[in-house]
Number of protein chains: 2
Amino acid sequence: MPGTETTRPLSSSIGDYLKAIWALAGTGSASTTEVSGHLSVAPASVTNMLGRLQEMGLVRYERYRGASLTGRGREEALRLVRRHRLIESFLLGHLGYSWQEVHDEAERLEHAVSDEFTERLAELLGHPAHDPHGDPIPAADGTLEPDDSLPLGEAGVGGRVRISKVSDESIPVLDYLGERGLVPGRLLIIREVRHLDGVVTVEDEGGETHALGGPLTRAVFVREEAAG
Amino acid sequence: MPGTETTRPLSSSIGDYLKAIWALAGTGSASTTEVSGHLSVAPASVTNMLGRLQEMGLVRYERYRGASLTGRGREEALRLVRRHRLIESFLLGHLGYSWQEVHDEAERLEHAVSDEFTERLAELLGHPAHDPHGDPIPAADGTLEPDDSLPLGEAGVGGRVRISKVSDESIPVLDYLGERGLVPGRLLIIREVRHLDGVVTVEDEGGETHALGGPLTRAVFVREEAAG
DNA sequence: GATTATTATTAGCTAAACCTAAATTTATGT
DNA sequence: ACATAAATTTAGGTTTAGCTAATAATAATC
Ligand SMILES: [Mn+2]
Ligand SMILES: [Mn+2]
Ligand SMILES: [Mn+2]
Ligand SMILES: [Mn+2]
């Protein structure tokens, strides 16, 4: 009976590696050090795991050349991303978590919930399109809306832009942005882009100005707003 | 700096062993084979783990003599039981799971949620006292309501009893009982207790009679009802 | 193009949880 | 009390997922 090999569920470590490659490289390929940094795991351990993922058909890997996701690898990564973002939405909307707290809890829960749980949760939430940070939630069939937003640092001066999402990597960054209301949906006018030090100065709807350095302008993503 | 040893979270395996000992023996002691059977793990593996749990101060263990929980062990077991039962309540009440499905999902999630999550969930649910199977939910401080209910098999004939809880161990059993409305809260009159084969015949509120064999009478727990 | 620096791999270990098979201890039956 | 049966432990593996230190390959610099 070919095709009957019981495919036991992938471990949470494996899932986190696939998500890391997806986050770092999307459809391209990620290097050992990049993955190592993203997961806080020693480079040697990454080398070892990439070999295993290749065996399992989840990744294409060439020594010294990095790894990229196969179809199955990408599928699994997106399944986890869907779970992660739905869980974040639930924690914020139903359990009263703050914007900054949701990520860590979701990072663990994404590996423990079943597909059943995930879809029932999506139902309860009304099938949201975006998570609290503004990241699009992959559909149950693995489809993901293409993202055309760009980092604030790369936006042109003078333009009116709307915050589309905020990186959920750093808690201090989320704290800072949250306090100032620099959250998805907010409308901004770009007053100055200083190439010397990368500082971008923006004005928000309330007339407040904010001068944001590199790490912040890389964490805030925007879309150009039709003139209004 | 004594007392500063970073106490990293206990693994889910460890948690399941502690819960098993608690479920099998409560404050008494459980044997290697009992634990082995409950967890579907080889006896040799149990011996090994009991040694480790002893080292960790979670269990009192004497070779060939079984293991009992220490204060810390019991505390951890009850923390997990609290999570488990709150999660079951959530799955049934908010996600539309059936009575039979909740257990397996909770068995995994109990290890992944934080204390924060647990307490916020308790809040959302309105601090329920019992889970869907009728099991009491331990309080956040580790207190647990004493249980004075007894298996249907041990109830006296002629009495009016109310179902207080139903064992959540076997899905077929839950299926059977659920279909017939033999759920916590249901009032029954015991019509016959046949000691020959352990079959108990009961009549429910709707006048239906049910003849239940050993495995079922051991799964249904009741309390005597004040005359009405 | 040779040298140096960076990146990645290999080699060798560890710990957690499991397993099977063999030995040993405890309990039971006559 | 002794033999047998049942329960338990010991001995010796395995797999997963990590680590450090040493080595090798690739990339960058002079
Ligand atoms: Mn994760
Ligand atoms: Mn997010
Ligand atoms: Mn469990
Ligand atoms: Mn239950």
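About the cut-offs
Residues numbered from 1 in each chain as written. Chains lettered and ligands numbered in written order. Predicted model: local features only at pLDDT ≥ 70, side-chain atom pairs only at ≥ 80, totals over all residues. Heavy atoms only, no water. Near = heavy atom within 4 Å. Polar contact = N/O pair within 3.5 Å; in protein donor to acceptor, adjacent residues only side chain to side chain. Helix = DSSP H or I, 4+ residues; strand = E, 2+ residues; numbered from the N terminus. Nonpolar A, V, L, I, M, F, W, Y, C, P; charged D, E, K, R; others polar. Pairing = 2+ DSSP bridges. Donors = N, O, S within 2.8 Å, 3.2 Å for Na, K, Ca; no water. Salt bridge = Lys/Arg side-chain N within 4 Å of Asp/Glu carboxyl O. Buried < 20%, exposed > 50% of the residue type's maximum accessible area, 1.4 Å probe, protein only. Arc of directions from axis to C-beta. Contact = heavy atoms within 4.5 Å. Buried area = accessible area lost by both parts, 1.4 Å probe.

Our focus in this paragraph is the protein's contact with DNA strand D. Around DNA strand D, the surrounding shell holds 20 residues, and the nearest of these are Ser11(A), Arg52(A), Thr33(B), Thr47(B) and Tyr61(B). If you look at DNA strand D and keep only atoms within 4 Å of the protein, 85% of those are sugar or phosphate atoms. Between DNA strand D and Tyr64(A) there is a distance of 3.3 Å, counted from a sugar or linking oxygen to a side-chain nitrogen or oxygen. Here a phosphate oxygen of DNA strand D sits 2.9 Å away from a polar atom, N or O, in the main chain of Tyr64(B). Residue assignment for the surface near DNA strand D shows that the elements contributing at least two residues are helix H1 (12-25) and helix H3 (43-55) of chain A together with helix H2 (32-39) and helix H3 (43-55) of chain B. Broken down by element, the surface near DNA strand D gets its largest block of residues, four residues, from H3(A). When its residues are assigned to classes, the surface near DNA strand D shows 10 nonpolar, eight polar and two charged.

A word on the sheet that holds strand E8 (residues 209-212) of chain B. Residue and element names in this part refer to chain B. Across the sheet, six strands lie side by side as E4-E9-E5-E6-E7-E8; this open sheet has antiparallel pairing. Of all strands in the sheet, those with a lone pairing partner are strand E4 (150-151) and E8, marking the two edges. The sheet contact formed by strand E5 (residues 160-166) and strand E9 (residues 220-224) spans five bridges and is antiparallel. Residue pairing for E9: Val 166 is matched across the bridge by Val 220.

We now examine the coordination of the manganese ion (ligand 1). Residue and element names in this part refer to chain A. At 2.1 to 2.5 Å from the manganese ion (ligand 1) lie its protein donor atoms, namely Asp 16 (OD), Glu 107 (O), Glu 107 (OE), Glu 110 (OE) and His 111 (NE2). The sequence pattern formed by the donor residues of the manganese ion (ligand 1) is D-x90-E-x2-E-H. A residue pair is termed long-range when its members are at least 10 positions apart, and Asp 16 in helix H1 and Glu 107 in helix H5 (residues 102-109) qualify at 91 residues.

All names here are of chain A. What the rule picks out here adds up to 37 salt bridges over all chains. Arg 83 serves as the salt-bridge partner of Asp 115, at 2.8 Å between the closest nitrogen and oxygen. With Asp 115 in helix H6 (residues 115-125) and Arg 83 in helix H4 (residues 71-94), this pair connects stretches of sequence that are 32 residues apart. A residue is classified by how much of its surface remains accessible, and Asp 115, at 41% relative accessible area, is partly exposed. For Glu 225, the salt bridge identified is with Arg 162, shortest N-O distance 2.8 Å. Remark: Arg 162 occurs in strand E4 (residues 160-166) and Glu 225 occurs in the segment after strand E8 (220-224); sequence separation between them is 63 residues.

An α-helical turn contains 3.6 residues, so a residue and the one three or four places further along point in the same direction. All names here are of chain B. Restricting attention to buried positions, one finds in helix H7 (residues 171-179) the residues Val 173, Leu 174 and Leu 177. Taken down its axis, H7 places every buried residue within 95 degrees of arc, on the same side. Exposed side chains of H7 directed beyond 90 degrees from the buried face belong to Pro 172 and Glu 179. Elements that come into contact with the buried residues of H7 comprise E5, helix H8 (214-217) and E9.

What follows is about the interface of chain A and chain B. Counting residues at the interface gives 18 residues for chain A and 18 residues for chain B. Both faces considered, chain A and chain B share a buried interface measuring about 1500 Å² in area, 62% of it formed by carbon and sulfur atoms. Looking only at chain A, the three residues that lose the most surface to chain B are Leu95(A), Phe117(A) and Arg120(A), adding up to 34% of its buried area. Connecting chain A to chain B are two salt bridges. At the junction of chain A and chain B, the tally comes to 10 residue pairs in polar contact (both at pLDDT 80 or more). Among the secondary structure elements, those contributing two or more residues to the side of chain A that touches chain B are H4, H5 and H6 of chain A. Examining the composition of the side of chain A that touches chain B, we find that five residues originate from one element, H6(A), more than from any other. For the side of chain A that touches chain B, the per-class residue count stands at 10 nonpolar, three polar and five charged.

Residue and element names in this part refer to chain A. Donor atoms from the polypeptide that bind the manganese ion (ligand 2) are Glu 88 (OE), Asp 131 (OD), His 133 (ND1) and Asp 168 (OD), placed at 2.1 to 2.7 Å. Along the chain, the residues donating to the manganese ion (ligand 2) fall in the pattern E-x42-D-x1-H-x34-D. Here Asp 131 matches His 133 in class, with each residue buried.

On to the protein's contact with DNA strand C. Near DNA strand C there are 21 residues, and of these Thr33(A), Thr47(A), Tyr61(A), Ser11(B) and Arg52(B) occur at the shortest range. Counting only atoms of DNA strand C within 4 Å of the protein, the fraction found in sugar and phosphate groups is 85%. With respect to DNA strand C, the side chain of Thr32(A) contributes an N or O atom lying 2.9 Å from a phosphate oxygen. Backbone polar atom of Tyr64(A) to a phosphate oxygen of DNA strand C: 3.0 Å apart, as the coordinates give it. Listed by contribution, the elements that provide at least two residues to the surface near DNA strand C are helix H2 (32-39) and H3 of chain A together with helix H1 (12-25) and H3 of chain B. Per element, the largest residue contribution to the surface near DNA strand C is four residues, and it comes from H3(B).

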